[in-house]
Structures are given as structure tokens and as C-alpha cells.
Amino acid sequence: MAENKRYDVVIIGAGPAGYVGAIRASQLGLSACVIEKEKPGGVCLNMGCIPSKALIHQASHFRSAVGLEAMGVKLDRSGLNYEKVFKKSRKVAETLSRGVSYLMKKNSVDLVAGAGVITGPNEVTVDGETKIAGAHILVATGSSPVELPAFPVDERTVLTSNGALMLTELPTRLVILGGGYIGCEFAYVMNAFGVEVIVVEMLDRILPMEDPEISTLLARTFDKRGITIHASTRAAGMRKTSVGIYLDLEPADGDAFSVSTDSLLVVVGRTPNTAGIGLESIGVETEKGFVAVGDYYRTNVSTVYAVGDVVASPLLAHVASKEAEIAVEHMAGRRSARRIDPDLIPTAVYTEPQVASFGINEVRAKTAGIPHET
């Protein structure tokens, strides 16, 4: 039992940051406890990276039929049962979640089910009852989809990425607000399965964090596959009717217009899960919702560290895991890297064609006056 037991590190959150940090702590001889109110694996394994990649993999298989038909192979794709696609993605997620539980148990990490709240610089209280003491506390509570007041989410017709991953039936038409990594991946999946897709992006191109040439290439590919993109366009509001949703769009150049859709997917970013976990009770500093950290991801309260989506670094699973390793190694008295260099983080977008990047792109190089080759 975790109650009345003191640990070297108490971790709130069992996502890629939390469980990797706990296992690394155990490897270094530290006793570790992980508190998780949902399933082990966090958003990544349960409602993010893993189930979405399972859908992408199946979408790729389904789309490959186009290539076979071009060679004269006759295929009947009318029997698609999307519920089976959904169930397969959930099976993958659940298998990996159980695997995380096994790995923590194998490494002598205690897993406590419940919501953890920091109630002291060396104490976390679970569900308002069980108090767990620790020499150090690691905050790894992850993030949630941003919701826009103008587009109230019901996870039936107005969806976040969570709701989109839990669909058992496909809409005929889907409008996606946000042309970033998540929006583009969902656009690829839904289009591959025959959904009419419209992507709305406020900035002047999809994948605005990548090189313009990449954005142009993917936009051209999307266009060939029937995906409509409205860049430099603001979604001003929506009207729900008995037959669907009417979305009001305002282009930066041009007249406002409306589009109709069965479903609306809002993927305009993620927000850190830092509210209500007790940070303010012990004076941990935050900046715009993110936990402020210094070297080794230590907060201004010396016993408390924070990693993953709750700090202002790229919201990527492999980043969260490495940050957790750095933090617990510091707790164990080891001196490894102080922080991750953001320019050394690889990223990938699982569309078709796939997009990958590493280091400083050409636009950033030009802006910073860094010599570069084109």
C-alpha cells in the first residue's frame, strides 16, 4: 500500500513522462509511486498517439486499394465497417496500457488509482483521503484539447480529438478547425475512409511550423484527394440545425461565407493540466498555465519537478519521456543534460506523404540570420 509509505519520488500522471520517469527512478535505486486517475499510459497511449496511429495504419491499407484498382484489380470497398476499425484501434491502446502497468510492476513501481493533489512540498493527497509522502514530487499530468467558447463541444457533432478517436460511425462530411499536425492527420484518415473533409486554418498555410515547401506539397496532395483547405480563414461561429451544422467563415481576403457539415472537429491546440492539482498551495510558479521550470525541470519549490505537456516545451511523447529521465536522474544525484535542446527534437506528421523535420528550418534560419543553404 502507498498510504503511510514514504517514497523517494511521487509522480502524478502515468503517461509517457510519468511511467518512464518512474521506471528510470527504480533503475537508479529510488522508490517510486505513480498516481493516475485514468488508465496507465496517459493521453498518448489511450487517447492520442497510439490509437490515432492505429487508425492511420488502417486508413493506409484502405487507401492502398486505389493503387490495386489502377492495376486492374477489382475490389468492392462498399462493405467498410468503421466500427471494426475503431475497435481495432482501441484494442491496440488497451494492450499497450496493460503493458505499461506490467512494466511498472516489474520495476517495483507502486501504481495508485485516483486524482492526486499536492498538499505539501513533500506530500500528495489522493482523492482527498490518502496522503502519500515523497522526498520529491514529479508533476506529469499532461494536457487536454483546447475548447473554443464559440464551438461548444458535445463529443457527438462538435468533437475534440478525443471524440474523433471514439467515433464508431463516420460522418458524411467533416470540417476540421486547425491545420496543424493533429488536424492534418485526421484529415488524411477521414478522407481515406471516404469522408468529405474541409480544413480551416487561421494562418496562411497548413502545417505552419514546417517549411513552406512542405506545407505546399501536402496541400497539393490533399487537394488531389479531394480535401478542401481554407487557409488564412477564421471560423467566426456556428449554427446548429436539425440537419447539421452551418459554420461561418471569414477569409482574410474575401467575403465571408458559410459551409455545412455533419460534424465539426476542433483541434486548435492543447492546454496543460495544471489547474486543481495544488501547485498554488505550495507556491509553485506558473506562466500562462504552464509550470515554470529551470535546469533539470525543477520548479521554484526545490522538491517539485515538472515535465511533459505541463511545461513550455514541444508537446511530444518522446520529449516528455526524456524530460522525466533528466528530472529523476537529478533527484538521484546524477548530473546529465540540464534540459533538452529544442533544436534537436525530431517531429513527424503521419499523413501521406509523411512529413518529418529536425533542427532549425529555413524560415527560422533566415529570421535569425543563421547562414544556411537552400
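Each chain has its residues counted from 1, running along the sequence as written. Only residues with pLDDT of at least 70 get local features here, since the model is predicted, and only at 80 or more are side-chain atom pairs given and counted; chain-wide, interface and lining totals rely on the full set of residues. Excluded from the side-chain calculations are hydrogens and water; all other atoms, namely the structure's heavy atoms, are used.

Colleague: Hey, could you run me through the side chain of S321 in this one?
Modeller: Put simply, DSSP H or I for four residues or longer makes a helix, DSSP E for two residues or longer makes a strand, and each gets a number counted from the N terminus. Along the chain, S321 turns up in helix α8 (residues 317-331). Residue exposure (1.4 Å probe, protein chains only): buried if accessible area is under 20% of the type maximum, exposed if over 50%, otherwise partly exposed. Residue class for S321 comes out buried when judged on its relative accessible area of 15%. Whenever two N or O atoms come within 3.5 Å, that pair is a polar contact, provided that in protein one can donate a hydrogen and the other can accept it, and provided that, for residues adjacent in sequence, both atoms are side-chain atoms. Of note is the side chain of S321, whose polar atom sits 2.9 Å from the backbone oxygen of P16. The contact definition used throughout considers only heavy atoms, calling two residues in contact when any of these lie within 4.5 Å. Among all residues touching S321, those that are not within four sequence positions of it are P16, A17 and V20.

Colleague: Just to check I follow, could you spell out unusual backbone geometry for this structure?
Modeller: Put simply, E352 and P353 share a cis peptide bond, and its omega is 10°. Relative to the helices and strands, P353 resides in the loop between β20 (347-349) and β21 (355-357). Positive phi values are uncommon outside glycine, yet E155 reaches one of about 60°. Inspection of the secondary structure assignment puts E155 in the loop between β7 (143-145) and β8 (158-159). Among the residues examined, E155 registers a relative accessible area of 33% and is labelled partly exposed. Unlike most non-glycine residues, S232 shows phi in positive territory, near 50°.

Colleague: I'm lost on the packing of helix α1 (residues 18-27) against α8 in this one. Help?
Modeller: Any two packed helices are characterised by the angle at which their axes cross and by the distance between the axes. Here an axis means a line fitted to C-alpha atoms, over the contact stretch when the element is a helix, while the angle between two N-to-C directions is reported on a 0 to 180 degree scale. Running from N to C, α1 and α8 cross one another at 35°; their axes reach a closest spacing of 8 Å. Where α1 crosses over α8, the handedness of that crossing is right-handed. Residues V20, G21, R24 and A25 of α1 form the contact with α8, whose participating residues are S321, A324, E325, V328 and E329. Note on residue categories: nonpolar means Ala, Val, Leu, Ile, Met, Phe, Trp, Tyr, Cys or Pro, charged means Asp, Glu, Lys or Arg, and polar means any other residue, Gly included. The residue inventory of the contact of α1 with α8, partitioned by class, reads 4 nonpolar, 2 polar and 3 charged. Helix crossings fall into two classes, left-handed where the near helix is turned counterclockwise from the far one by less than a right angle and right-handed where it is turned clockwise.

Colleague: Honestly, the packing of aromatic side chains in this entry has me stumped. Any pointers?
Modeller: Two measures describe an aromatic ring pair: the distance that separates the ring centres and the angle between the ring planes. Each Phe, Tyr or Trp ring, with Trp reduced to its six-membered ring, pairs with another whose centre is within 6.5 Å; inter-plane angles below 30 degrees give stacked pairs, above 60 give edge-to-face pairs, and intermediate values give tilted ones. Counted under the stated rule, the structure contains 2 aromatic pairs. Seen from their ring centres, F62 and F193 are 5.5 Å apart, and the 40° between their planes marks the pair as tilted. Remark: F193 occurs in the loop between α6 (181-192) and β10 (196-200) and F62 occurs in helix α3 (residues 49-70); sequence separation between them is 131 residues. With a relative accessible area of 19%, F62 lands in the buried category. A relative accessible area of 7% places F193 in the buried class. Taking 5.5 Å as the distance between ring centres and 75° as the angle between the ring planes, the aromatic pair formed by Y82 and F193 counts as edge-to-face. Of the two residues, Y82 is situated in helix α4 (residues 82-106) and F193 in the loop between α6 and β10; the sequence distance between them amounts to 111 residues. Each of the two residues, Y82 as well as F193, counts as buried. Among the aromatic residues, those joined into a ring-pair cluster are F62, Y82 and F193.

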